[in-house]
Amino acid sequence: MAVSNDASESKAGELKAAPGTQGATAAKLSALFAGTMGPLIGLLLLCLALTLTTDTFLTVRNILNVLDQITVLGIMAIGMTLVILIGGIDLSVGSVLALAAMVMGFVSHPDYLNLGLAAGVVAALVVAGLCGLVSGLLVTVTRLPPFIATLAMMSVARGLANMITDGSQIVGFPDWFTSLSIIRHFGFLSVTVGVMMVLAIVFAIFLNYRAAGRSLYAIGGSAEVARLSGIPVKSLTNWVYAICAVLAGLAGIVLAARLDSVQPSSGLGYELDTIAAVVIGGASLSGGIGSIGGTAVGVLIIGVLRNGLNLLGVSPFIQQVVIGVVIALAVASDTWRRRAR
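All residue numbers refer to position in the chain's written sequence, counted from 1. A pLDDT threshold of at least 70 governs which residues receive local features in this predicted model, and a stricter bar of 80 or more applies before side-chain atom pairs are shown or counted, although totals over entire chains, interfaces and linings include all residues. Side-chain calculation: all heavy atoms of the structure are included, whereas hydrogens and water are not.

Here we come to the overall build of the protein chain. Helix and strand definitions here come from DSSP, where helices need a minimum of 4 consecutive H or I residues and strands a minimum of 2 consecutive E residues; each element is numbered from the N-terminal end. Looking only at helices and strands, the protein chain has 15 helices and two strands in total. Only protein chains enter the accessibility calculation, which uses a 1.4 Å probe; a residue is then buried when its area is under 20% of its type maximum, exposed when over 50%, and partly exposed in between. Counting over 341 residues, the protein chain shows a buried share of 44%. Note on definitions: a residue-residue contact is assigned when non-hydrogen atoms from the two residues lie within 4.5 Å. Excluding contacts between residues fewer than 6 apart, the proportion of contacts in the protein chain whose partners are at least 24 apart in sequence is 77%. About 16600 Å² of surface is accessible on the protein chain, with carbon and sulfur atoms providing 69% of the total. Here the open area of atoms and residues is found with the Shrake-Rupley method and a 1.4 Å probe, where only the protein chains shown may cover a residue.

Have a look at this one:
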């Protein structure tokens, strides 16, 4: 009987623990997409409207095109999410993208240093990382506001990108490199889209399940409280800006694969789209609120909106107005949310 009672108690304990385990798992999964319900509903309504007003939107070919088109923005937005989470901003990502792409072209192309594409990619990512580190140091050491620090880096990086080839573009890369964005493995997934998805998963796990990732939320909530709690605020801030810049550099490499060329004017205005995607996805410009899942939804909203407007034949100038209105509404909703709290 004793054995039977012990077994019964053990089984009962397992039955009691199971709901708790399931609840913890559900909580962890919901954390990955915290605050995305509103943007997700908006995305679904947008897709529904475009499906009803166009014949080609809801086709496999068009959906795959949307995924290809958002790859560069998606990679950049992951880094921007980290920056905005700590209450910062990075206006230099578009210029860093151009600089990294030009460095890769200059180092690897036969008409210049001709050191091979691998060396060019490494050089591009290192230069991008250094740009981000300098931005971070300007914020943490010289106490410049992030807006001013990254605005200065935006100008410097764009100037350096033009100086490398005196403003000329570099055209022509190996076929295997350009095929990374063209060939669809398993019938739907290109390597560049796969890279974006892997990065999104990795950083979502980092933010939700690693101490350093959770610390970014604390810094965004209050940098001083985070510092008093033992969090290395300055070090993490430097790393965040460096990672954001590296991802911008990687986006420049992906863009080069898509276009089979690099030019110093690449990335103009990308910083605004990147910030918009993060904010539309539910992040707060004040810091401490946001998620990679929300950013992914924000990126999709911008990509789907642009694609749909093109399918409807809307003028590019009107598209700029529409995107601007969406950005204004996203920022306004963030303000309303904070006031409501």
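To continue, consider the packing of helix 9 (residues 191–209) against helix 12 (residues 233–259). Each pair of packed helices gets described by two things: the angle between the helix axes and the distance between those axes. Interaxial distance between helix 9 and helix 12 falls to 11 Å at its minimum, and their mutual angle equals 165°. For the element pair helix 9 / helix 12, the angle class is roughly antiparallel. Handedness of the helix 9/helix 12 crossing: left-handed. Contacts between helix 9 and helix 12 involve Thr192, Val195, Leu199 and Phe203 from the first element and Ile243, Leu247, Leu250 and Val254 from the second. Taken together, the residues that form the contact of helix 9 with helix 12 break down as seven nonpolar, one polar and no charged. The axes are straight lines fitted to the C-alpha atoms, using for helices just the contacting stretch, and the angles between their N-to-C directions are given from 0 to 180°. Every angle not falling under 35 degrees, over 145, or within 65 to 115 is termed oblique; those three ranges are roughly parallel, roughly antiparallel and roughly perpendicular. Take the far helix as your reference; a near helix turned counterclockwise from it by less than a right angle gives a left-handed crossing, and one turned clockwise gives a right-handed crossing. Residues are grouped as follows: Ala, Val, Leu, Ile, Met, Phe, Trp, Tyr, Cys and Pro are nonpolar; Asp, Glu, Lys and Arg are charged; all remaining types, including Gly, are polar.

Moving on, we come to the nonpolar core. By convention a nonpolar core is built from buried Ala, Val, Leu, Ile, Met, Phe, Trp, Tyr and Cys residues, the set being connected through side-chain atoms within 4.5 Å. Met104, Phe177 and Val262 are the most contacted members of the largest nonpolar core, which has 86 residues in total. Top contributing element to this core by residue count: helix 12, with 14 residues. Leave out the neighbours within four places in its chain, and valine 262 touches Ala101, Met102, Met104, Gly105, Gln169, Ile170, Phe173 and Ala256.

Mapped onto the elements of the fold, serine 266 is located in the loop between strand 2 (261–262) and helix 13 (270–280). Look past the residues within four positions of serine 266 in its chain and what remains in contact with it is Gly94, Leu97, Ala98, Arg158 and Leu255.

Tracing the backbone shows arginine 158 in helix 7 (residues 146–164). For arginine 158, a relative accessible area of 14% translates into the label buried. Residues arginine 158 and serine 266, 108 residues apart in the sequence, show an inter-C-alpha distance of 9.3 Å. Aside from chain neighbours lying at most four places away, what touches arginine 158 is Gly94, Ser95, Ala98, Pro264, Ser265, Ser266, Gly267 and Leu268.

Okay, helix 9 next. Between its first and last C-alpha atoms helix 9 spans 27 Å; for 19 residues at 1.5 Å apiece the expected length is 27 Å, and the two agree. Along helix 9, the residues classified as buried are Thr192, Val193, Gly194, Met196, Leu199, Phe203, Ala204, Leu207 and Asn208. Each helix should span, by expectation, one fewer than its residue count multiplied by 1.5 Å.

This part is about the packing of aromatic side chains. Classification of ring pairs rests on two measures: the distance between centres of Phe, Tyr or Trp rings, Trp counted by its six-membered ring, which must be within 6.5 Å, and the angle between planes, read as stacked under 30 degrees, edge-to-face over 60 and tilted in between. Per the stated rule, a full pass over the model turns up four aromatic pairs. Aromatic pair phenylalanine 106 and tyrosine 112: ring centres 5.3 Å apart, planes at 45°, arrangement tilted. An angle of 80° between the planes, with centres 6.1 Å apart, marks the rings of tryptophan 176 and phenylalanine 177 as edge-to-face. On the accessibility criterion, phenylalanine 177 (4% relative accessible area) is buried. Linked through ring pairs, Phe173, Trp176 and Phe177 together constitute an aromatic cluster. By the criterion adopted, a ring carries a charge over it if an Arg CZ or a Lys NZ lies within 6 Å of its centre and within 35 degrees of its normal. Just above the ring of tyrosine 217 sits the side chain of arginine 214; from NZ or CZ to the centre is 4.6 Å.

So, about the environment of glycine 105. Among the secondary structure elements, glycine 105 is positioned in helix 5 (residues 93–108). Taking relative accessible area as the criterion, glycine 105 reaches 0% and is therefore assigned buried. Residues glycine 105 and isoleucine 164, spaced 59 residues apart in sequence, show a C-alpha to C-alpha distance of 9.8 Å.

This next bit is on the confidence of the model for the protein chain. Along the chain, pLDDT gives the predictor's confidence residue by residue, from 0 to 100. With 88% of its residues at a pLDDT of at least 70, the protein chain reaches an overall mean of 88. Below pLDDT 50 for its whole length, residues 1–19 participates in zero contacts with residues either more than four positions away or in separate chains.

Turning our attention to the side chain of threonine 165. Examined against the element boundaries, threonine 165 turns out to sit in the loop between helix 7 and strand 1 (170–171). A polar contact of 2.5 Å, which involves the side chain of threonine 165, links it to the backbone oxygen of serine 168. In contact with threonine 165, other than residues within four places in its own chain, are Met102, Phe106, Tyr112 and Ile170. The definition of a polar contact used here is a pair of N or O atoms within 3.5 Å, where within protein one atom must be able to donate a hydrogen and the other to accept one, and adjacent residues in sequence count solely through side-chain atom pairs.

What counts as a salt bridge is simple: a side-chain nitrogen of Lys or Arg found within 4 Å of a carboxyl oxygen of Asp or Glu. Evaluation of the coordinates by the stated rule reveals three salt bridges. Between arginine 184 and aspartate 68 there is a salt bridge whose closest N-O contact spans 2.7 Å. In this pair, arginine 184 sits in the loop between helix 8 (175–178) and helix 9 while aspartate 68 sits in helix 3 (residues 60–69), placing the two residues 116 residues apart along the sequence. Taking the relative accessible area as the measure of exposure, arginine 184 reaches 27% and is therefore partly exposed. The salt bridge involving arginine 306 is made with aspartate 273; its shortest N-O contact spans 3.0 Å. You can see arginine 306 sitting in helix 14 (residues 292–311) and its partner aspartate 273 sitting in helix 13, a full 33 residues away along the chain.

This part takes up the packing of helix 4 (residues 71–85) against helix 9. Relative orientation of the contacting elements helix 4 and helix 9 amounts to 15°, with a least axis distance of 8 Å. For the element pair helix 4 / helix 9, the angle class is roughly parallel. Seen from above, helix 4 lies across helix 9 with left-handed handedness. Residues Thr71, Gly74, Ile75, Ile78, Leu82 and Leu85 of helix 4 pack against Thr192, Val193, Met196, Leu199, Ala200, Phe203 and Leu207 of helix 9. Its residues assigned to classes, the contact of helix 4 with helix 9 comprises 10 nonpolar, three polar and no charged.

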